[in-house]
Amino acid sequence: MKQPIIFCDFDGTITKSDNIVSLMKRFAPKEWEQIKDDVLAQNLSIREGVGRMFHLIPSNLKQELLDYLVATTEIRQGFSEFVDYTRHEGIELYIVSGGIDFFVYPLLKPFGIPEENIFCNGSDFTTDTISITWPYACGDDCTKDCGCCKPGILNRFDKKANRKIVIGDSITDLEASKEADFVFARDYLAEKCQELGIPAVLFETFDDIVEKLTEEREENHVPSGESMERTC
Ligand code: MG
Ligand code: ZN
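Description of the structure in this document. (Residues numbered from 1 in each chain as written. Chains lettered and ligands numbered in written order. Predicted model: local features only at pLDDT ≥ 70, side-chain atom pairs only at ≥ 80, totals over all residues. Heavy atoms only, no water.)

### Some points on the coordination of the magnesium ion (ligand 1)
Binding of the magnesium ion (ligand 1) to the protein goes through Asp-9 (OD), Asp-11 (O) and Asp-169 (OD), at separations of 2.1 to 2.2 Å. Every donor residue of the magnesium ion (ligand 1) comes from the same chain, spaced as D-x1-D-x157-D. Of the two residues, Asp-11 is situated in the loop between strand S1 (3-8) and helix H1 (19-27) and Asp-169 in the loop between strand S5 (162-168) and helix H8 (174-179); the sequence distance between them amounts to 158 residues. Assigned by exposure class, Asp-11 and Asp-169 land together as buried. (Donors = N, O, S within 2.8 Å, 3.2 Å for Na, K, Ca; no water. Helix = DSSP H or I, 4+ residues; strand = E, 2+ residues; numbered from the N terminus. Buried < 20%, exposed > 50% of the residue type's maximum accessible area, 1.4 Å probe, protein only.)

### Observations regarding the sheet that holds S1
Taking strand neighbours across the sheet as the criterion, the 7 strands line up as S4-S3-S2-S1-S5-S6-S7 in an open arrangement whose pairing is mixed. Bordering the open sheet on either side are strand S4 (131-133) and strand S7 (201-202), each of which pairs with just one other strand. Direction of pairing for strand S3 (residues 118-124) relative to S4: antiparallel, over a ladder of 3 bridges. For Asp-124, the partnering residue across the bridge sits in S4 and is Ser-131. (Pairing = 2+ DSSP bridges.)

### Examining a negative patch on the surface
A surface patch of like charges, here negative, comprises Glu-81, Asp-207, Asp-208 and Glu-211. Mapped onto the elements, Glu-81 comes out in helix H5 (residues 79-89). (Patch = residues over 30% accessible without salt bridge, like charges linked within 9 Å, V, L, I, M, F, W, Y side chains within 5 Å. Areas by Shrake-Rupley, 256 points an atom, 1.4 Å probe, with all protein chains shown as cover. Salt bridge = Lys/Arg side-chain N within 4 Å of Asp/Glu carboxyl O. Lys, Arg positive; Asp, Glu negative; His and termini not counted. Charge placed at Lys NZ, Arg CZ, Asp CG, Glu CD.)

### A few points about the coordination of the zinc ion (ligand 2)
Every protein donor of the zinc ion (ligand 2) is accounted for by Cys-138 (SG), Cys-142 (SG), Cys-146 (SG) and Cys-149 (SG), and the metal-donor separations fall at 2.3 Å. Coordination at the zinc ion (ligand 2) is tetrahedral: its 4 donor atoms span angles of 104 to 116° at the metal. All donors to the zinc ion (ligand 2) come from one chain, and their sequence spacing reads C-x3-C-x3-C-x2-C. Overall, the relative accessible area of 14% leaves Cys-142 in the buried class. (Tetrahedral: all angles 85-135°; square planar, octahedral: opposite > 155°, others 65-115°.)

### A word on helix H10 (residues 206-219)
Across its 14 residues, H10 extends 20 Å between first and last C-alpha, which sits within 8% of the 20 Å expected from 1.5 Å per residue. Along H10, the residues that are buried comprise Phe-206, Ile-209, Val-210, Leu-213, Glu-216 and Arg-217. Each buried residue of H10 lies within a common arc of 130° when the element is viewed along its axis, so the set occupies one face. For H10, exposure combined with an orientation more than 90 degrees from the buried face picks out Glu-211, Glu-218 and Glu-219. Buried residues along H10 sit against S1, H5, S5 and strand S6 (182-185). For H10, the side-chain oxygen to backbone nitrogen distance between the N-cap and Asp-207 is 3.2 Å, and the N-cap itself is Thr-205. (Expected span 1.5 Å × (residues − 1). Arc of directions from axis to C-beta. Contact = heavy atoms within 4.5 Å. Polar contact = N/O pair within 3.5 Å; in protein donor to acceptor, adjacent residues only side chain to side chain.)

Written out as structure tokens, the structure reads:
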């Protein structure tokens, strides 16, 4: 039987709003809005747009940016229980994020997800303004200039051995959703999946996701972690 692996988006999925947008609204000069509009209109790639936006912010604000997000970011209902659930059931959980390391790691710290399971963009604060680095940029098989190439990350995992489950909310999750065996979607991603005929289950909280995963495992008679512990 295929091993389920979960690939979960961060901004707008684990957190209730988009952290890059919150930072720009609070710290960037208003030029950021034009860059955002160009990205949305697909005149600029996500990688180019995000890189340019962060170059609008001085590097010496690093701590302030982080403090601001720690104070304001809300985590979606049920996330902590969801992480516990995957651990308990032995389901591998990866976070695939177009966010930036300097806020993704600290915001995820309370949940005990190993850093090697977190894929996101990097940052360099040694330059005058913030430089973003791209450790998971697109390979030859992707022309979208994603920044953090989610389909590229999914393709690192064997299709035959794994059942790939994507959880996400927006445009950056769409290409990954096309590669997935199962999709949990909300917001823009939900609309897009519907439009393109990609089967997706809607979710609003992580409780919804745990419920659906539990149901499925029961249908497939997969013993839960708990019952395995009991028999051991
Ligand atoms: Mg998102
Ligand atoms: Zn890509």
